[in-house]
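Residues per chain, in single letters:
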Amino acid sequence: NAGVMQNPRHLVRRRGQEARLRCSPMKGHSHVYWYRQLPEEGLKFMVYLQKENIIDESGMPKERFSAEFPKEGPSILRIQQVVRGDSAAYFCASSPAQGQSYNEQFFGPGTRLTVL
Amino acid sequence: KQEVTQIPAALSVPEGENLVLNCSFTDSAIYNLQWFRQDPGKGLTSLLLIQSSQREQTSGRLNASLDKSSGRSTLYIAASQPGDSATYLCAVPDYKLSFGAGTTVTVRA
């Protein structure tokens with residue numbers, strides 16, 4: 001059973017370009033979470049999605065950031081018009097469908113975004 | 001809002017010494033607590049998950065305790081090795097995880 005997959009592992013963008021980060025959850029997992037780790041800072045929650053639904057996006061910046069988890073395919077975190085402050089490691093985690101809440105989350109290897 | 005604090009921020013010990021890492025949280029109404037390991041430039045590896053009904057969980061040289069009433073968890077690593085050098089994170093869920101800032105451990109050979 002493959003773990004959480006993220007690609008690309010490293011992404012370099014120039015200011016003003018778009019960044020698209022992909023996350024494929026573990027098989028059988030229908031809940032996806034995105035977290036961001038800024039340099040020298042801790043991990044911060046960004047958004048929680050289930051298939052075709054955004055459940056909680058309270059950690060997402062109000063502008064330029066969006067996320068989706070379509071019925072088919074990976075979850076996508078999209079950052080438009082990137083700025084240098086967006087440079088960070090972006091981690092995706094997944095958990096199984098929650099008959100009981102707060103299942104263990106399994107993390108992907110992360111995408112390291114560098115904005116030049 | 002849940003606040004998670006980890007003390008100390010950094011720890012350096014000689015090989016063979018036992019490690020004690022502390023995690024405290026402000027809202028004791030938690031469902032579980034996870035400990036992770038993060039190597040520099042790498043992702044997170046889940047070490048232990050303690051359910052709220054448990055008082056401790058063990059995996060090899062690792063032992064984690066949980067005291068919900070006092071809002072504390074402790075991760076013990078026995079007989080440390082240089083390969084244990086990493087940052088250790090604790091996290092508690094409100095479906096989304098709230099992370100502590102981590103304890104960076106260096107084990108000197």
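This text gives an overview of the structure that appears in the document. As the structure is a prediction and not an experimental result, all values here were calculated from the model.

Quick word on unusual backbone geometry
Omega for the peptide link from N7 of chain A to P8 of chain A comes to -5°, which places this bond in the cis form. Among the structural elements, P8 of chain A can be located in the loop between β1 (5-7) and β2 (10-13). Each neighbour pair has its own omega, and for I7 of chain B with P8 of chain B the value is 0°, a cis peptide bond. One can find P8 of chain B in the loop between β1 (4-7) and β2 (10-14). Of note in the backbone geometry, R64 of chain A takes a positive phi value of approximately 75° without being a glycine. Tracing the backbone shows R64 of chain A in the loop between β6 (53-56) and β7 (65-68). For R64 of chain A, a relative accessible area of 25% puts it in the partly exposed group.

Describing the pairing of strand β11 (residues 111-115) of chain A
Residues and elements named next belong to chain A. The element β11 is largely enclosed, with a buried count of four among its five residues. In this sheet, β11 lies alongside β2 in parallel orientation, the contact comprising four bridges. If you follow V12 over to β11, its bridge partner there is T114. Direction of pairing for strand β9 (residues 88-96) relative to β11: antiparallel, over a ladder of three bridges. Each bridged residue has a counterpart across the sheet, and for Y90 the counterpart in β11 is T111.

Points about the pattern of salt bridges
Close approach of charged atoms lets side chains of opposite charge pair. Within this structure, the stated rule accounts for six salt bridges over all chains. The salt bridge partner of R78 of chain A is E18 of chain A, with a shortest N-O separation of 2.8 Å. Here the residue R78 of chain A occupies a position in strand β8 (residues 75-79), and E18 of chain A occupies one in the loop between β2 and β3 (19-24), the gap between them amounting to 60 residues. Of the residues examined, R78 of chain A reaches a relative accessible area of 29% and is grouped as partly exposed. Taking relative accessible area as the criterion, E18 of chain A reaches 29% and is therefore assigned partly exposed. Taking the shortest distance from any N to any O, the salt bridge between D84 of chain B and R61 of chain B comes out at 2.9 Å. Here D84 of chain B is found in the loop between β8 (72-77) and β9 (86-94), whereas its partner R61 of chain B is found in the loop between β6 (56-59) and β7 (62-67), with 23 residues between them in sequence. For D84 of chain B, a relative accessible area of 6% corresponds to the buried category. Using a relative accessible area of 29% as the deciding quantity, one classes R61 of chain B as partly exposed. Put simply, E18, R20 and R78 of chain A are held in one network by salt bridges that share partners.

Quick notes on the rules
Residues numbered from 1 in each chain as written. Chains lettered and ligands numbered in written order. Predicted model: local features only at pLDDT ≥ 70, side-chain atom pairs only at ≥ 80, totals over all residues. Heavy atoms only, no water. Helix = DSSP H or I, 4+ residues; strand = E, 2+ residues; numbered from the N terminus. Buried < 20%, exposed > 50% of the residue type's maximum accessible area, 1.4 Å probe, protein only. Pairing = 2+ DSSP bridges. Salt bridge = Lys/Arg side-chain N within 4 Å of Asp/Glu carboxyl O.

Bear in mind that shape data such as this cannot, by itself, settle questions of function.
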